[in-house]
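Commentary on secondary and tertiary structure
One-letter residues, chain by chain:
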Amino acid sequence: MNSALETLRRDFGGDIIEPGGAEYESASRSVLAAGSPAYVLRPKSVADVQAGVRFAADAGLLLSVRGGGHGFAGFGTNDDGVVIDLSNLANVQIVDDERHLVRIGGGANWGQVAAVLAPRGLAISSGDTKSVGVGGLTLTGGIGWKVRKYGLALDSVVAAEVVTADGEVVPASAEENPELFWAIRGGGGNFGIVTAFEFEAHPTTDIFYGKIAFPASETASVLQGWADYLRTAPEELTSIANFANPFAGGPEAPVEIQVAFDGDDPELAAAAIDPIRRLGTVIDDDVALKPYADTLVDGVTPPPGIQLVTRSAFVDKESVSEVLQILAEVGASERSPFIAVRSVGGAVSRVPDDATAYAHRPAELMFVTTTAGPGPVVEAARPALDAIWQRLAPHVDGAYANFLASATEEDVAAIYPRQTYKRLAAVKRQYDPGNLFAHNHNVRPQ
Ligand SMILES: Cc1cc2nc3c(=O)[nH]c(=O)nc-3n(C[C@H](O)[C@H](O)[C@H](O)COP(=O)(O)OP(=O)(O)OC[C@H]3O[C@@H](n4cnc5c(N)ncnc54)[C@H](O)[C@@H]3O)c2cc1C
């Protein structure tokens, strides 16, 4: 341990933050989880990342990797181990104007990406929040406001630079180390630290974006009509249905349909969005033309002690009606979690199943339940939440790792179906046989 630490102090050019240090209190926690790591390392270069990885391996310490720090499962920190916090590796640079290729540091967040791309009329479909990290979101999916037209965030990745468990820098693309490239597009942080991604961005105009709200009493019919319509809606339209929001009245809260139409033609936008307006009694409608970058919201850091428990699942076409019926009933009950249902399909479903390690291409919808509050409140809500998920279980499929606060064996099996897991484990054996990158929805080398 002592010699590993000496080597780190010699080779590491970034910040080493230890308990008692001035920055330790804020550096020890990720956005959604508290921790007490022995070392928080903030690399300033790829060589620093290599030194940090070698230190964790040599010292035999648990390693957490932190991108934007928004992971619900709290993998961005730990107790007594090492955190490699990538926030200084946040450079965003357009490297090929014609092909719209953008190189993005593994610790950048989507607000930093939008700030560089927006003035050039470019965008990458990512998520809905500025402070969410490019790393965590992309490595397991990325369901953003242009997902039906351009696919997941990981579908726009064309190459990556990865520091693997032995501290080597390994390029990954369709041409170089293609199995590693396959694995990091869906397999999360299991294979190494991505120090840079190369994305192909897409041109964007301003887009029509906003929410259309209906009374809570219309939730069931609005949801069914919404899902039916999305099957034939233009792929420029991406949408999320939110209801049972505990901060807006719980079971009395309006059902809010957020829409994003990728284009600035008012007639095309109205043609795409009006069928949603006709689903019920509109009580609020703030859809307006906005720069794409302005549709991304600022993330909120919950006060200390507040927990956020998210669970997610996918819904295939044949189960949509049943699942939405159950969710509407759940949402109308007093102790409902907050429910958000996201449209996927479109470009996501056109990518062949085996092209990336993201294993949920055929799904039409992905939904998330969120329970928030102090620990005892979240605990007290758990039996009711379990009962809801037991009722849903026969009708839903898999889980979306990015909205999963737990990491049980069942969770990992839900994220990675058997064939995907088998192929991921083979890649893991090659690049991380000792399972150094284990603090995640873990794929074991054996
Ligand atoms: C407010 C909020 C809004 C969200 N909105 C969306 C959304 O619209 N769409 C969506 O798809 N998801 C969304 N998410 C989920 C989000 O994608 C996940 O929480 C994701 O894990 C966050 O990534 P991060 O880098 O910020 O988190 P971190 O906690 O830093 O990272 C999570 C894990 O990813 C791995 N990781 C991160 N960066 C790297 C890297 N460079 N190299 C290797 N491994 C790395 C590590 O294992 C790390 O522990 C949202 C989450 C929040 C909290």
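What counts, and at which threshold
- Residues numbered from 1 in each chain as written.
- Predicted model: local features only at pLDDT ≥ 70, side-chain atom pairs only at ≥ 80, totals over all residues.
- Helix = DSSP H or I, 4+ residues; strand = E, 2+ residues; numbered from the N terminus.
- Rg over C-alpha atoms; globule rule 2.2 N^0.38 Å.
- Buried ≥ 20, exposed ≤ 12 C-beta atoms within 10 Å, placed from the backbone.
- Contact = placed C-beta atoms within 7 Å.
- Pairing = 2+ DSSP bridges.
- Axes fitted to C-alpha atoms, helices over the stretch in contact; angles between N-to-C directions.
- Parallel < 35°, antiparallel > 145°, perpendicular 65-115°, else oblique.
- Left-handed = near helix turned anticlockwise from the far one by under 90°.
- Nonpolar A, V, L, I, M, F, W, Y, C, P; charged D, E, K, R; others polar.
- Domains from an automatic or database assignment.
- Core = buried A, V, L, I, M, F, W, Y, C linked by C-beta atoms within 7 Å.
- Near = placed C-beta within 6 Å.

1. Considering the overall build of the protein
Each helix and strand in the protein was counted, giving 14 helices and 19 strands. Computed over its C-alpha atoms, the radius of gyration of the protein comes to 22 Å, within 12% of the 22 Å expected for a compact globule of 446 residues. Expressed as a percentage of the 446 residues in the protein, the buried residues total 51%. For the protein, the proportion of contacts with a sequence separation of at least 24, taken over those separated by at least 6, is 73%.

2. Regarding the sheet that holds strand β6 (residues 101–105)
Reading across the sheet, the 5 strands line up as β5-β6-β10-β8-β9 and stay open at both edges, with antiparallel pairing between neighbours. Because the sheet does not close on itself, it has two edges, and the strands there are β5 (92–96) and β9 (169–173). Each strand axis lies, on average, 20° off the axis of its neighbour in the sheet, ignoring direction. As paired elements, β6 and strand β10 (residues 193–200) share 5 bridges and run antiparallel to each other. Along β10, the bridge assignment pairs R103 with E198.

3. Focus: the packing of helix α8 (residues 219–230) against helix α10 (residues 320–331)
Orientation of α8 relative to α10, taken along the N-to-C sense of each, is 150°, at an axis distance of 9 Å. In terms of orientation, α8 and α10 fall into the roughly antiparallel class. In this structure, α8 meets α10 at a crossing whose hand is right-handed. In contact with T219, A220, L223, Q224 and A227 of α8, α10 contributes V320, S321, L324, Q325, A328 and G331.

4. Describing the packing of helix α1 (residues 2–11) against helix α3 (residues 46–59)
Interhelical geometry of α1 versus α3 gives an angle of 175° and a closest axis separation of 9 Å. Looking at the two axes, α1 sits roughly antiparallel to α3. Across the interface between the two elements, A4, T7, L8 and D11 of α1 pack against A51, F55, D58 and A59 of α3. Here the contact of α1 with α3 is composed, by residue class, of 5 nonpolar, 1 polar and 2 charged.

5. Concerning the domain arrangement of the protein
Domain annotation of the protein identifies domain 1 (2–85) and domain 2 (207–413). One C-alpha centre belongs to domain 1, the other to domain 2, and the line joining them spans 34 Å. With 5 residues of domain 1 in contact, the opposing surface of domain 2 contributes 10 residues. Taken together, the residues of the side of domain 1 that touches domain 2 break down into 4 nonpolar, 1 polar and no charged.

6. Looking at the sheet that holds strand β3 (residues 63–66)
As summarised here, the arrangement of the 4 strands in space is β1-β2-β4-β3, forming an open sheet in which the pairing is mixed. Sheet topology places β1 (15–17) and β3 at the edges, where each strand pairs with a single neighbour. Between one strand axis and the next, the sheet turns by 20° as a mean value, whatever way the strands run. The pairing of β3 with strand β4 (residues 82–85) spans 4 bridges and is parallel. From the neighbouring strand, R66 faces β4, where its bridge partner is D85. In the packing of α3 onto the sheet, the strands contacted are β2 (39–42), β3 and β4, and the crossing angle to β4 comes to about 165°.

7. Looking at the nonpolar core
Residues I184 and F367 are the most contacted members of the largest nonpolar core, which totals 137 residues. A domain split of this core shows at least three residues from each of domain 1 (2–85) and domain 2 (207–413). Dropping the residues within four chain positions of it, I184 is found in contact with L139, A160, V162, A172, F191 and V194.

8. Structural notes on the site of the ligand
The ligand sits among 35 residues. The nearest are G67, G68, G133, G135 and G136. Looking at the shell around the ligand element by element, the count peaks at 4 residues for helix α5 (residues 134–140). Partitioned by chemical class, the residues of the shell around the ligand number 11 nonpolar, 22 polar and 2 charged. Two domains each donate at least three residues to the shell around the ligand, and these are domain 1 (2–85) and domain 2 (207–413).

9. Looking at the pairing of β6
Taken together, the 4 bridges between β5 and β6 define a ladder with antiparallel strand orientation. What sits directly across from D96, in β6, is L101. What sits between β5 and β6 in their antiparallel hairpin is a turn of 4 residues, with H100 showing a positive phi close to 60°.

10. Some details on unusual backbone geometry
Of note, H100 is a non-glycine position whose phi angle comes to about 60°, a positive value. Along the polypeptide, H100 turns up in the loop between β5 and β6. In this structure, N435 takes a positive phi of about 55° despite not being glycine. Examined against the element boundaries, N435 turns out to sit in the segment after α14 (418–431).

11. Some points on the environment of I143
Positionally, I143 belongs in the loop between α5 and α6 (147–150). A sequence separation of 39 residues divides I143 from I104, and the C-alpha atoms of the two residues are 18 Å apart. If we skip the residues at most four places from it in the chain, I143 touches G127, L152, R342, V344 and M366.

12. Some thoughts on the environment of K149
Counting through the fold element by element, K149 comes out in helix α6. For the pair K149 and A253, spaced 104 residues apart in sequence, the C-alpha separation works out to 30 Å. Beyond its immediate chain neighbours, meaning those up to four positions away, K149 contacts E235, E236, D262, G346 and A347.

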